[in-house]
Amino acid sequence: MSKKNQSKADAHSFFSCIEKNFDKAARYLSIKKGLLEQIKSCNAVYRMHFPVKIGKEIQVIEAYRVQHSHHKLPCKGGIRYSIKVNQDEVMTLAALMTYKCAIVDVPFGGAKGGIKIDPQIISAENIEKITRRYTSELIKKNFIGPGIDVPAPDYGTGEREMSWIFDTFLSIRPGEVDALACVTGKPVSQGGVRGRKEATGLGVFYGIRELCKMKEEMLSVGLDIGLNGKKVIIQGLGNVGYHAATFFHEAGAIIVALAEREGAIYNKKGLNVSNVILHLKKTGSILNFPESKNIEDTEKALELECDILIPAALENVIHKHNANRIKAKIIGEAANGPVTPEADDILGKKGVLIIPDIYLNAGGVTVSYFEWLKNLSHVRYGRMEKRFSENMNTELLQVIETSCRKKIPIEEKKMILRGPREIDLVRSGLEDTMINGFHKIRDLKKSLKIENLRTAAFVLAINKIIDSYEKLGIFP
Ligand code: NAD
């Protein structure tokens, strides 16, 4: 975002944007004010400064961990590395995690972490030092642990950082039998689960695909049912954006533009996502990709003609100053908080369908939940049932072949016989979660005549959290 738009978009705090959305939803519920305040507020905010020796200098690093809600434990949420990290941002992202987990029935309270550094200009060695020191600070204050608070990747972090966190945790807490479950998003070789890396992008794909199956909604924006041939723009080609782009491309959607920090590329006939990534790896930029047009002002890519716009980089990128110029009919919020409340109102009046972040990017935490369960159970998914399923399927096929007096072709046989692998089970669980979540929000929107999916998603989340508080017996 340009400096000019940044200051305009940030005129109000990010946390107050979420509060506005929450308050809109609260109008549909008759809940005591005090209880609503309890749900909204952050339960614990840990702001820390610690020294790290970088080269010959000592640098003081600013970092945060916020636990928004303890209504379910452990708390759960990613860790962001960005020079823009600040307390308001981390508090907001932690709050979003609480609502997100409630919507997709993942039994965690929301949390988030952040370190104010630019990982692009710091060496891997120094990022490791900072990550390990941050983890030991969390351990000192009891802000991390399998049953306390479980971090995961977010903007600027990935498997590498998660494995450093786990290793630091284990070295300080040797012998802790469930130590693997202190962090998710780890490499598979270190207790991670297959399918976690692409989970958020795949969840975004499942969520938008589900909306595009709905005749009523597609009629309202003048689009055909299905994803095939739909024109898609994606902002941010990181973990979430890259995987989402790949799944849309594979499903027959046309990726007309991709936007990164340095600029955007456009081709109305479609961009081949894997070739763009190869070009990016080779040249260090997506710009000058063959047969595509460069767009220097990357923000302008959001305003191009398309059916589906997927902001997958950062918050507040669609604001009151560009909302009117957005031409997309559907916006899928892959990033957290990409649309400000003012922009939300403008787009709502234009009839744009927005699938909200608190549902759409919940694929990551859903699969993190699967990883956490795997770590606590100390057994890989599919280990117990794979052979059993294969043996049962073999017997079933033999019965079918004998009674039909016909041999099933070998390739088809292989497909039917195969027992579920970990990746199959994880993806099936993710798909089911995203489809169910979408319909719960949509049904609530219809039954309570709620103005949009975002408010309906907040109503669903608040209801679920109230249920948990009631079960805990905290509020009579
Ligand atoms: P990432 O660091 O892997 O990727 C972010 C990408 O956005 C990078 O490629 C970066 O260069 C690009 N970018 C930065 N500024 C940009 C700009 N102005 N215009 C265009 N591109 C820009 O981060 P990520 O994990 O993919 O997260 C992206 C968003 O998704 C964040 O809002 C994050 O909170 C949210 N999210 C991530 C996860 C997850 O599992 N990683 C889960 C839920 C939500």
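For the chain, an unreviewed UniProt entry supplies the name Glutamate dehydrogenase and the organism Blattabacterium sp.. You can read under Sequence similarities (unreviewed entry) in the UniProt record for the chain the words "Belongs to the Glu/Leu/Phe/Val dehydrogenases family."

Asks: An account of the packing of aromatic side chains is needed here, citing residue identities and associated values.
Replies: Under the defined criterion, the tally for this structure stands at 11 aromatic pairs. Plain terms: the ring middles of Y46 and F143 are 5.2 Å apart, the flat faces sit at 55° to each other, and that makes the pair tilted. Taken together, the residues span a long stretch of sequence, with Y46 in strand β1 (residues 44-54) and F143 in the loop between α5 (124-140) and β5 (149-153) at a distance of 97 residues. Seen in terms of ring centroids, Y359 and F438 are 6.4 Å apart; in terms of plane orientation they differ by 50°. Their pairing is tilted. Of this pair, Y359 sits in helix α12 (residues 357-360) while F438 sits in helix α16 (residues 422-447); the two residues are 79 residues apart in sequence, bridging distant segments of the chain. Summarising the burial analysis for this pair, Y359 and F438 share the class buried.

Asks: Residues and numbers for the site of the ligand, please.
Replies: Taken together, 22 residues lie around the ligand, and R80, D154, T200, E260 and N336 are the ones closest in. In the environment of the ligand, an oxygen atom lies 2.9 Å from a nitrogen or oxygen atom belonging to the backbone of V240. Summarising the interface, the protein chains cover 89% of the accessible area of the ligand, which totals 830 Å² for the free molecule. The set of elements that each furnish at least two residues to the shell around the ligand consists of α9 (239-250) and β7 (254-260). Per-class residue counts for the shell around the ligand are nine nonpolar, eight polar and five charged. Taken domain by domain, the makeup of the shell around the ligand includes at least three residues from each of domain 1 (18-190) and domain 2 (199-360).

Asks: Can you lay out the nonpolar core for me, pointing to particular residues and giving the numbers?
Replies: Taken as a class, soluble globular proteins show a tendency for nonpolar side chains to be buried jointly. Core analysis: the biggest nonpolar cluster contains 97 residues, and Y99, I208 and F248 have the highest contact counts within it. Looking at which domains feed residues into this core, each of domain 1 (18-190) and domain 2 (199-360) supplies at least three. In this structure Y99 touches I18, F22, I39, K40, H68, I358, F458, A461 and I465, once residues within four positions along its chain are discounted. The next biggest cluster of nonpolar side chains, apart from the first, holds 28 residues, and it includes Y134, I144, F169 and A179.

Asks: Summarise the sheet that holds β1; cite the residues concerned and give the values.
Replies: Spatially, five strands are ordered β1-β2-β4-β3-β5 in an open sheet, and the strand pairing comes out mixed. Among the strands making up the open sheet, the edge pair consists of β1 and β5. When the angles between neighbouring strand axes are averaged without regard to direction, this sheet yields 25°. Both strand β2 (residues 57-67) and strand β4 (residues 109-115) contribute to a ladder of five bridges, which runs antiparallel. Pairing of Q67 across the sheet is with A111, part of β4. Contacts between helix α4 (residues 87-103) and the sheet are confined to β1, β2, β3 (75-81) and β4, with β4 contributing the most and set at about 150° to the helix.

Asks: Tell me about the sheet that holds strand β12 (residues 353-355), and name the residues and values.
Replies: Backbone hydrogen bonds are what pair the strands of a sheet, in a parallel or an antiparallel way. Taking strand neighbours across the sheet as the criterion, the seven strands line up as β9-β8-β7-β6-β10-β11-β12 in an open arrangement whose pairing is mixed. Only two strands of the sheet have a single partner each, and these edge strands are β9 (293-295) and β12. Each strand of the sheet is rotated relative to its neighbour by a mean of 20°, with strand direction disregarded. Both strand β6 (residues 231-235) and β7 contribute to a ladder of five bridges, which runs parallel. In the sheet register, Q235 faces β7, and the bridge partner there is A259.

Asks: Lay out the UniProt feature "active site" (unreviewed entry) in the chain in plain terms, naming residues and giving numbers.
Replies: In the numbering used here, UniProt assigns the feature "active site" (unreviewed entry) to K112. With respect to the helices and strands, the residue K112 is situated in strand β4. Residues contacting K112, with those up to four places away along its chain left out, are Y64, R65, V66, G78, V90, L93, A94, M97, D154 and N336.

Asks: Can you lay out the environment of V85 for me, pointing to particular residues and giving the numbers?
Replies: Looking at the secondary structure, you find V85 in the loop between β3 and α4. Residues V85 and A312, 227 residues apart in the sequence, show an inter-C-alpha distance of 17 Å. If we ignore the near neighbours within four places in the chain, the residues touching V85 are Y64, R80, V90, G114, I115 and K116.

Asks: Which residues make up helix α7 (residues 199-211), and what values go with them?
Replies: Each full turn of the α-helix corresponds to 3.6 residues, which orients residues three or four apart in the same direction. In this model, α7 (13 residues) spans 18 Å end to end at C-alpha, consistent with the 18 Å of a helix rising 1.5 Å per residue. Summarising burial for α7: 13 of the 13 residues are buried, a large majority.

Asks: Got a sec to walk through the domain arrangement of the chain? Specific residues and values, please.
Replies: You can read the domains of the chain as domain 1 (18-190) and domain 2 (199-360). Placing the centre of domain 1 and that of domain 2 at their C-alpha centroids yields a distance of 27 Å. If you look at the interface, domain 1 gives 14 residues, while domain 2 gives 13 residues. Overall, the association of domain 1 and domain 2 removes approximately 1200 Å² of surface from exposure, summing both partners, and the carbon and sulfur fraction of that is 50%. Considering only the side of domain 1, the residues that lose the most area to domain 2 are L96, K100 and Y155, jointly responsible for 35% of the buried surface there. Applying the counting criterion to the domain 1 and domain 2 interface returns two salt bridges.

Asks: So what about the environment of F458? Which residues, and what values?
Replies: Relative to the assigned elements, F458 resides in helix α17 (residues 453-472). Counting along the chain gives 440 residues from F458 to I18, while the straight-line C-alpha distance between them is 9.8 Å. When sequence neighbours within four positions are dropped, the list of residues in contact with F458 reads I18, N21, F22, A25, Y99 and I358.

What counts, and where the lines are drawn
Residues numbered from 1 in each chain as written. Predicted model: local features only at pLDDT ≥ 70, side-chain atom pairs only at ≥ 80, totals over all residues. Heavy atoms only, no water. UniProt positions renumbered as here; feature names shortened; annotations may be inferred. Phe/Tyr/Trp six-rings, centres within 6.5 Å; stacked < 30°, edge-to-face > 60°. Helix = DSSP H or I, 4+ residues; strand = E, 2+ residues; numbered from the N terminus. Buried < 20%, exposed > 50% of the residue type's maximum accessible area, 1.4 Å probe, protein only. Near = heavy atom within 4 Å. Polar contact = N/O pair within 3.5 Å; in protein donor to acceptor, adjacent residues only side chain to side chain. Areas by Shrake-Rupley, 256 points an atom, 1.4 Å probe, with all protein chains shown as cover. Nonpolar A, V, L, I, M, F, W, Y, C, P; charged D, E, K, R; others polar. Domains from an automatic or database assignment. Core = buried A, V, L, I, M, F, W, Y, C linked by side-chain atoms within 4.5 Å. Contact = heavy atoms within 4.5 Å. Pairing = 2+ DSSP bridges. Axes fitted to C-alpha atoms, helices over the stretch in contact; angles between N-to-C directions. Expected span 1.5 Å × (residues − 1). Buried area = accessible area lost by both parts, 1.4 Å probe. Salt bridge = Lys/Arg side-chain N within 4 Å of Asp/Glu carboxyl O.

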